[in-house]
Amino acid sequence: MDSKPSVQNPVITPSATLKESASFPIGNIVSANRLSGSDNYFRTLLNKEFNSITAENDMKMAAMFVGPNTYDFSKGDAIVAYAKANGFRVHGHALIWHASIPNWLKNYSGTDVEFEAQVEGYVKATVAHFAEAKTTTGESVVASWDVVNEHFTNDAEAAVFYNRIGPDYLSKCFTWAREADPDVKLFYNDYSLGSNTEKATKVTNMVTDFKNNAIPIDGIGMQMHVDYQYPDLTTLTSNVTLLKNTGLLIHFSELDMTVNKDKSLNSLTSQRSNAQKERYKNIASLYTNTIPEEQQFGITFWGMRDNDSWLLNFTNNPNEWPLLFDSGYNYKQAFIGFLEGLNN
Ligand code: G3I
């Protein structure tokens, strides 16, 4: 899987790279293993096209918070070292997420006060640790964190953070993160914000509430796991507008795109490929044109090759092609569309 398995016909050769075409950072996800592994194609493409990275899993709580007051930052450190050596910004993902709680903490037998102290200690220790790596010009390599991920779900409300700390666990986590690093950008990150206006409104209400109570927050991550037909561009544009009207930074933080949800295709037809190209173009141009430059934190893709994507497992469909590169690391029409959208 790690060697370049195929050459595409016809070969697509873009006229420019993503990072030189965008006026904001363009990101992709990494793992420490992949950055140090034998797959040179991955690193070559990453370094050529992208200038921001997010750890797909290595900087989540379940990976780093290994026991009471005990942290394992080794994989995150390897990612940060790679970023520093190769000129990438790192976006930290994610401090608090109901789907990434280590078992020992989920089943913690201490009191609620002791539980909260563990979470506070973790947020502060993690943010402080990752604030240490600096670029040659003195900025932090880790520029930002998703402080809380996916709060507005029933699952989050059933999880230990909400149950043991209380509804204000959100504002407490943002406050702890700010105490640990006065400069790092603090994000709230969630899915379906481009399609679900009610949920997007809950986020804007949260931001207003934070502002009224002097709780720090710098940005909103719209995950952007979209489909080639959904959400429609009008809804997407109006939700992006709603969120950017908070004045906060906007990150398209996990962009990918299903094209075969009904499983009717066995290969990516040229017709579907063109539809995906058009849609990626619209998304790049929507971000570029709707969000004021000073609020453009960047666009991060959730995967490099189609077959790397979490969506193949999640949708139980090996015939899904959500990303900009095919399984042979070849550029797809989707890439060309996205590039066109950046310039448009
Ligand atoms: O590392 C183990 C491996 O040792 C084991 O053999 C294998 C067996 O299942 O599991 C491996 O861990 C998996 C891990 O990905 C690494 O591949 C976990 O089971 C699996 O749950 C985990 O899935 C990740 C998921 O978040 C849950 O953390 C996906 O890779 C990752 O793409 C996905 O990303 C999330 C964002 O963080 C938040 N937004 C939604 C997005 C998609 O679900």
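Please refer to the structure placed before this passage.
Since the model is a prediction, treat every value here as computed from it, not as a measurement. (Residues numbered from 1 in each chain as written. Predicted model: local features only at pLDDT ≥ 70, side-chain atom pairs only at ≥ 80, totals over all residues. Heavy atoms only, no water.)

Asks: Would you mind going over the site of the ligand with me for this structure?
Replies: All residues in the neighbourhood of the ligand are listed as Glu 56, Asn 57, Lys 60, His 93, Trp 97, Asn 149, Glu 150, Gln 223, His 225, Glu 254, Trp 302 and Trp 310. At 3.0 Å from a nitrogen atom of the ligand is found a side-chain nitrogen or oxygen belonging to Glu 150. Here Gln 223 contributes a side-chain N or O atom positioned 3.3 Å from a nitrogen atom of the ligand. Looking at side-chain class alone, the shell around the ligand contains 3 nonpolar, 5 polar and 4 charged residues. (Near = heavy atom within 4 Å. Polar contact = N/O pair within 3.5 Å; in protein donor to acceptor, adjacent residues only side chain to side chain. Nonpolar A, V, L, I, M, F, W, Y, C, P; charged D, E, K, R; others polar.)

Asks: How should the pattern of salt bridges be read in this particular structure?
Replies: Where charged atoms from two side chains of opposite charge come close, those side chains can pair. Scanning the model with the defined rule gives 13 salt bridges in all. When the shortest N-O distance is used, the salt bridge between Lys 199 and Asp 190 registers 3.1 Å. Each member of the pair, Lys 199 together with Asp 190, is buried. Two residues, Lys 277 and Glu 340, come together in a salt bridge whose shortest N-O distance is 3.9 Å. Note that Lys 277 is positioned in helix 13 (residues 270-290) and Glu 340 in helix 15 (residues 333-342), a separation of 63 residues in sequence. (Salt bridge = Lys/Arg side-chain N within 4 Å of Asp/Glu carboxyl O. Buried < 20%, exposed > 50% of the residue type's maximum accessible area, 1.4 Å probe, protein only. Helix = DSSP H or I, 4+ residues; strand = E, 2+ residues; numbered from the N terminus.)

Asks: Would you take a moment to explain the packing of aromatic side chains for this structure?
Replies: Both the distance between ring centres and the angle between the ring planes are used here to describe each pair of aromatic rings. Taken as a whole, this structure holds 27 aromatic pairs when the rule is applied. On the basis of an interplanar angle of 75° and a centroid distance of 4.8 Å, the ring pair of Phe 301 and Phe 338 is categorised as edge-to-face. Here the residue Phe 301 occupies a position in strand 12 (residues 296-301), and Phe 338 occupies one in helix 15, the gap between them amounting to 37 residues. Each member of the pair, Phe 301 together with Phe 338, is buried. The rings of Phe 65, Tyr 71, Phe 73, Trp 104, Tyr 108, Phe 115, Tyr 122, Phe 130, Trp 145, Phe 161, Tyr 162 and Tyr 169 are connected pair by pair, giving a single aromatic cluster. Note that Arg 89 overlies the ring of Phe 297, its terminal NZ or CZ placed 3.7 Å from the centroid. A cation sits over an aromatic face here: Lys 199 above Tyr 191, 3.5 Å from the ring centre. (Phe/Tyr/Trp six-rings, centres within 6.5 Å; stacked < 30°, edge-to-face > 60°. Lys NZ or Arg CZ within 6 Å of the ring centre and 35° of its normal.)

Asks: Is there a simple way to think about helix 15 in this case?
Replies: Because an α-helix packs 3.6 residues into every turn, residues spaced three or four apart end up facing the same way. With 8 of 10 residues buried, helix 15 is to be regarded as a mostly interior element. Every buried residue belonging to helix 15 is among Ala 334, Phe 335, Ile 336, Gly 337, Phe 338, Leu 339, Gly 341 and Leu 342, and all of these are buried. Where the residues of helix 15 are buried, they touch helix 1 (18-21), strand 1 (26-30), helix 3 (40-49), strand 11 (249-258), helix 13 and strand 12. (Contact = heavy atoms within 4.5 Å.)

Asks: I would appreciate a short explanation of the pairing of strand 2 (residues 52-55) in the present structure.
Replies: Look at any regular strand and the pattern is simple: side chains alternate between the two faces of the sheet. Here strand 2 shows two buried faces, one formed by Ser 52 and Thr 54 and the other by Ile 53 and Ala 55. As judged from the 4 bridges shared by strand 1 and strand 2, these two strands associate in the parallel manner. Paired with Ile 29 across the bridge in strand 2 is Thr 54. Taken together, the 3 bridges between strand 2 and strand 5 (residues 89-92) define a ladder with parallel strand orientation. Paired with Ile 53 across the strands is Val 90, a residue of strand 5. (Pairing = 2+ DSSP bridges.)

Asks: Quick question: what am I supposed to make of unusual backbone geometry here?
Replies: The omega torsion across His 93 and Ala 94 is -10°, close enough to zero to call that bond cis. Tracing the sequence through the fold places Ala 94 in the loop between strand 5 and strand 6 (96-97). Put simply, Tyr 230 and Pro 231 share a cis peptide bond, and its omega is -5°. Mapped onto the elements, Pro 231 comes out in the loop between strand 10 (225-227) and helix 12 (233-244). Even without glycine at this site, Glu 150 takes up a positive phi of about 60°. When you line up the elements, Glu 150 lands in the loop between strand 7 (142-149) and helix 8 (154-158). On the basis of relative accessibility, which here comes to 9%, the residue Glu 150 falls in the buried class. Even without glycine at this site, Asn 316 takes up a positive phi of about 50°. Along the chain, the position of Asn 316 falls in the loop between helix 14 (310-314) and helix 15. Among the residues examined, Asn 316 registers a relative accessible area of 61% and is labelled exposed.

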